[in-house]
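# Understanding the architecture of this molecule
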Amino acid sequence: MKKSVITKLAFGLLALSYVGAGAVNYSYDAMGRRLNNAQGVNAPKIWNVQPGLSKATMAEQYSPKALYKAADANTLPIGQEYQYVSQKKKLLNATPIPARKDTKMLVTGWGRYALNRGWDRSHVNDPYMTEEEAARCWLVAAVELNRFFAAKEGLVNPNSDPNDPNVKHYLTQDEVKYHVFHVDGQSSVKDFPFWADGSSGHGGARIEKAVRFALGMTDSDVIAYVDNNYDEFVSETSIQTRITNDIDQGYPAIIFESGHVMLIDAYAITTRNVKWVRLLNPTNDGSFQWRTLNSVDIIGYVWYNKNKINVRYSDNDVRRDTDNDGIVDFDEMYRFKTNKNSKHSDGDGIEDKVEILNRTLLEMPVFAPYDASQSHGVPATDNSFILGVQKEVWADVNHNGKNAENDASEKANGTVDGLLNGGHRPLYVENGVPGDFDIYAINALTLEENSSCRNMTNSPQDVQKCVFATESKLASYAAKIYQTDLTTNMYSKGNVLVGGNSRITNLSLFSSSKITPSYQVAGNGSVGVAATMSEDLWPWEVNSTWDSYTTGSTSKVVEANETYTLTPSSNLKSLQVEPNGKLNIQPGVIKLQSLILAEGSTVVFVNSSKKTEIHVKNSFVWKPVLKVGSSEVYKNLSKNFKVVYHGSNTSGLTIASNWAGVLFAPKATLKLGSAGKTIYGRFVGSTVTVKSGAIIRTYHGQTW
C-alpha cells in the first residue's frame, strides 16, 4: 500500500553479483537487470516494468511467455553471460485486479463530495483511486484468490454483461469490504471506511476475515502470520519454500510486504539458482510485476486450508434494482432498510435515494494533510486527503430512531429531508443547535485565552473535542480561537485567527462573492488541515423567526426565603426571583415575557431527566445558585433543559456560572463563563464570546 516503499524495493540498486566464465564480474539490480561494469555491457531489460507503458504492451512485453522465451534462449554467443536461463518454472495465471469500487452500492462517507466521487457507480474503469479505494490491497488479494478458484470451476461466463443480475458473477470487492466492516445497526458510512488497510498494523485480522468470506471458510481455516507470530512461523519452513510449494500444488500465495499485501501466482528459478516470482497488483492498478524473491521484503504470510475451499460467488442483489430508484436491492435490504419495491419507502413522496443523497451531502468529512508519497495514486482535494465522514449526524435528524429515507414525520417536525428547487436545502432543528455543534455563532465567535470546551457525551471512555461554527463573513476575523483545548472541527464563512496554544484539527472555510476566507496563526496556534469550498455547500440553517406567543398577565416576584414552583400551567407574564428566594421548575414548555433570577437566588429542577423548555421575549437574567444532587443532574440538564430567547439583546446575555442546558438566542450577544467556573451545555447566539479561563462541558442528546 505504500507505493514509495514498493518503488524503492523495485528500482533500488540491490546488487546481486555473479562471477562467470572468464572471470568477468557482472552485477544485477533488484529487477534482474545487469548493471554497467568496466566493459559497459548491459543485460536485456526484459524484467523492467517501465513507467508509461499501456497495460496491453506491458502484458505482452513482460508476460510469462516472453519471459520463458528469453529464459530458454540458448543460442546466445558463447562467452556472453545471460542469467535468464530457467531450470524450473510454474505459472498459475491468476488475474490481477485493480483496487476499485466495483458495484453500484452507495458510499455515503463522501459527504459533500458524494457526487464528485461517484458515490453510486462502479469505478472499475476509472484511471485513479479514491480515498475509499486507497489501501484496498488486502481486499484485492482476497478477491484475486477467490477469482482464481472460481475461474477453475468455470461457472462464470467472462463475456457476460457485468451488470446482468440473472447470471452468475465473480465475487466483488465491495461485497467483501461490506462483509468485513458492516455491523448491524451501525451507520452506513462505516460499511466503506476510507484508508482502511488490513496489513500488519492490524495483525492481519481484516485479510483473514476477507479470505474466509471469499473462500467460504471458518475462522480456523485462515491464519495471517504477521508481526509477532511471523518469525516463529517461518522458522519451521522457509517462506521461499512455502511459496514455491504452494504454487507447485496449484495454490497462489498471499504475502505481506512492508505496507502492502499481494498475491504471488508464479515463480521461475534460473540456472544460476536465482528465484523470481510474479507479484499481482504491486501498485493497486491491476498490473503484475516479476521480481527476484530476495528483493521482496516479506513480513507476513496468509495460510489457508487448501482442503476447505468453497468458492463464494457474487450476490446478484448488488446488481438488481427492483423499484428502479437507483439503490440496488442489496443496499435497500441490508444497509438502509428501505423497501426494495417502493421508490419512497416512508410514503412522503420523496424518493429514497434523493433523501439518502440529501442527508449525505450535509455530512461533514474530516481531512488530513496531503502527502504525495502516501497517496496511493489518490489526487489531492484542497491539498488534503479526505478521511471520510466519521459519523452520521443528519441520518436521524429528530432522534426518533429512523433515518430520513424511512421517516415521513421529519417534514412535519421542522426539518426538511428532500431537495428543494433542484438544489440542496439546509437542514435544521427548529429553535435548536444545528448539527452536532457545541457553539454556533451567527456573527463573530471568540474563544478567549485559557478557555476550555469538551464534549463529555461519551465520558469517561471517550472525551471529544468541541465543534464550532460561525456564519460571519468578517475579513477582520469571523472567529478568534485562543482556547487551550484541541478543536476537532471548525466551520467559518469568514477569516479565522488561531492563537495562543490552540489547535484546529479540521478547518472548513466557505467562500462567497463577498469573501474567500483564509486563516492566520499567531503564537503557538496551529491548523491541521484547511479546506475551502463554496458557501452553497453550507448545510445549516438557524431559525431566527418565531411564531408569536401569548403569556399570562400576572407578574410574580419570589421574595427572600420564599419558594415558588414554576409549571407549564403557571400562566405568568414575568417572573423575578430575589436573593435567597427559591424556584422549583417543573418539566414542560413554559412561556414568559421576562425571567430574572437574581444573584443569590436558588433554582431546583424537579425532574432533570424530562424535557423542560422556557421561552423568554424580553429581559433574561440568569445568576442563581443551581442546586444539583450529582454530576448526573448536570448531564441530564445539559440534554433536557433549554431556554429560547426571542429578544435581541446586543449588550450581552451573561451566563457566568451555574448553568446546565441549551441556550438558543440567535439575535443576542452571549458572554459565556468566567475564570475557573464550569458551565454545561450548548449555545447559539448572534455574537458569542467564551470568557478567559472559562470551562464549558457539553452533553449531546435531545434534539436541541
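What counts as what
Residues numbered from 1 in each chain as written. Predicted model: local features only at pLDDT ≥ 70, side-chain atom pairs only at ≥ 80, totals over all residues. Heavy atoms only, no water. Helix = DSSP H or I, 4+ residues; strand = E, 2+ residues; numbered from the N terminus. Buried < 20%, exposed > 50% of the residue type's maximum accessible area, 1.4 Å probe, protein only. Areas by Shrake-Rupley, 256 points an atom, 1.4 Å probe, with all protein chains shown as cover. Pairing = 2+ DSSP bridges. Axes fitted to C-alpha atoms, helices over the stretch in contact; angles between N-to-C directions. Salt bridge = Lys/Arg side-chain N within 4 Å of Asp/Glu carboxyl O. Contact = heavy atoms within 4.5 Å. Phe/Tyr/Trp six-rings, centres within 6.5 Å; stacked < 30°, edge-to-face > 60°. Lys NZ or Arg CZ within 6 Å of the ring centre and 35° of its normal. Parallel < 35°, antiparallel > 145°, perpendicular 65-115°, else oblique. Left-handed = near helix turned anticlockwise from the far one by under 90°. Nonpolar A, V, L, I, M, F, W, Y, C, P; charged D, E, K, R; others polar. Core = buried A, V, L, I, M, F, W, Y, C linked by side-chain atoms within 4.5 Å. Polar contact = N/O pair within 3.5 Å; in protein donor to acceptor, adjacent residues only side chain to side chain. pLDDT = per-residue confidence, 0-100.

On to the overall build of the protein. From N to C terminus, the protein includes 12 helices and 37 strands. Within the protein, the proportion of its 704 residues that are buried is 54%. Summed over its atoms, the accessible surface of the protein is roughly 28,700 Å², and 46% of this surface lies on carbon and sulfur atoms.

On the basis of which strands lie adjacent, the open sheet formed by four strands has the order β23-β25-β28-β31 and parallel pairing. Because the sheet does not close on itself, it has two edges, and the strands there are β23 (554–558) and β31 (620–622). On average, adjacent strands in this sheet sit at an angle of 15° to one another, irrespective of strand direction. For strand β25 (residues 572–577) and strand β28 (residues 594–597), the ladder comprises four bridges, and the chain directions are parallel. Within β28, the residue paired with Gln 576 across the bridge is Ile 596.

The next point concerns the pattern of salt bridges. The tally for this structure, following the rule as stated, stands at 23 salt bridges. Salt-bridge contacts for Arg 212 lead to Glu 208; the nearest nitrogen and oxygen are separated by 3.3 Å. Remark: Glu 208 and Arg 212 occur in helix α7 (residues 205–215); sequence separation between them is four residues, near one turn of the helix. Exposure remark for Arg 212: the relative accessible area of 15% places this residue in the buried category. Taking relative accessible area as the criterion, Glu 208 reaches 14% and is therefore assigned buried. Overlapping salt bridges bring together Glu 132, Arg 136, Asp 174 and Lys 177 as one network.

Another aspect to go through is the environment of Phe 330. Within the element layout of this structure, Phe 330 appears in helix α10 (residues 329–335). Apart from the residues lying within four places of it in its own chain, the contact partners of Phe 330 are Met 105, Tyr 178, Asp 315, Asp 317, Val 318 and Arg 335.

Secondary-structure assignment places Lys 353 in helix α11 (residues 352–362). Lys 353 sits in the buried class, given a relative accessible area of 18%. Look past the residues within four positions of Lys 353 in its chain and what remains in contact with it is Leu 106, Trp 119, Asp 120, Asp 325, Gly 326 and Ile 327.

For the structure on display, the rule yields 24 aromatic pairs. Centroid distance Phe 148 to Phe 149: 5.1 Å. Interplanar angle 75°. Geometry classified as edge-to-face. For the residue pair Phe 148 and Phe 149, the accessibility class agrees, reading buried in each case. By way of ring pairs, the aromatic residues Phe 437, Tyr 440, Tyr 491, Phe 510, Trp 538 and Trp 540 are connected into one cluster. Above the face of the Trp 110 ring, Arg 117 is positioned so that its terminal group lies 5.4 Å from the ring centre. Note that Arg 278 overlies the ring of Phe 288, its terminal NZ or CZ placed 4.4 Å from the centroid.

To continue, consider the packing of helix α5 (residues 137–153) against α7. Viewed as axis vectors pointing N to C, α5 and α7 meet at an angle of 20°, and their least axial separation amounts to 9 Å. Classified by the interaxial angle, the pair formed by α5 and α7 is roughly parallel. In the packing of α5 onto α7, the handedness of the crossing is right-handed. Contacts between α5 and α7 pair Trp 138, Ala 142, Leu 145, Asn 146 and Phe 149 from the former with Arg 206, Ile 207, Ala 210, Val 211, Ala 214 and Leu 215 from the latter. Counted by class, the contact of α5 with α7 contains nine nonpolar, one polar and one charged residues.

Attention now goes to the nonpolar core. Ile 207, Val 211, Ile 243, Ile 254, Tyr 304 and Tyr 491 are the most contacted members of the largest nonpolar core, which has 113 residues in total. If we ignore the near neighbours within four places in the chain, the residues touching Ile 254 are Ala 141, Leu 145, Ile 207, Val 211, Val 261, Met 262, Leu 263, Gly 300, Tyr 301 and Val 302. Ranked by size, the runner-up nonpolar core spans 59 residues in total, among them Val 496, Val 498, Leu 663 and Leu 672.

The strand order across the open sheet formed by four strands is β24-β26-β29-β32, and the pairing between neighbours is parallel. Looking at the sheet topology across the chains shown, the edges are occupied by β24 (563–566) and β32 (625–626).

Our focus in this paragraph is the packing of helix α6 (residues 173–181) against α7. The N-to-C vectors of α6 and α7 enclose an angle of 125°; their axes lie 9 Å apart at closest approach. In terms of orientation, α6 and α7 fall into the oblique class. Handedness of the crossing formed by α6 with α7: right-handed. Residue-level contacts link Glu 175, Val 176, His 179, Val 180 and Phe 181 of α6 to Arg 206, Lys 209, Ala 210 and Phe 213 of α7. A per-class count over the contact of α6 with α7 returns five nonpolar, one polar and three charged.

Let us look at the environment of Asp 248. On the secondary structure map, Asp 248 appears in helix α9 (residues 239–248). Placed 19 residues apart in sequence, Asp 248 and Tyr 267 show a C-alpha to C-alpha distance of 9.3 Å. Excluding residues that lie within four positions of it along the chain, Asp 248 makes contacts with Lys 88, Lys 90 and Tyr 267.

Let's shift gears to α7. Counting buried residues in α7 gives eight out of 11 residues, a clear majority hidden from the surface. Taken together, the buried positions of α7 are Ile 207, Glu 208, Ala 210, Val 211, Arg 212, Phe 213, Ala 214 and Leu 215. Residue Gly 216 follows α7 closely and has a positive phi angle near 65°.

Moving on: the side chain of Asp 102. Within the secondary structure, Asp 102 sits in the loop between β3 (86–91) and α4 (114–117). A distance of 2.7 Å separates a polar side-chain atom of Asp 102 from the backbone nitrogen of Gln 173. Apart from residues no more than four positions distant in its own chain, Asp 102 is found in contact with Ser 122, Val 124, Thr 172, Gln 173 and Asp 174.

Right, let's talk about the confidence of the model for the protein for a bit. Confidence in the prediction for the protein averages 81 pLDDT; 81% of positions are at 70 or higher. The least confident element of the protein is strand β1 (residues 16–19), whose mean pLDDT is 25; the most confident is β25, at 98. Note that residues 1–85 has pLDDT below 50 and, in this model, 161 contacts with residues that lie over four places away or in other chains. Every residue in residues 412–424 is under pLDDT 50, and counting partners more than four places away or in other chains gives 29 contacts.

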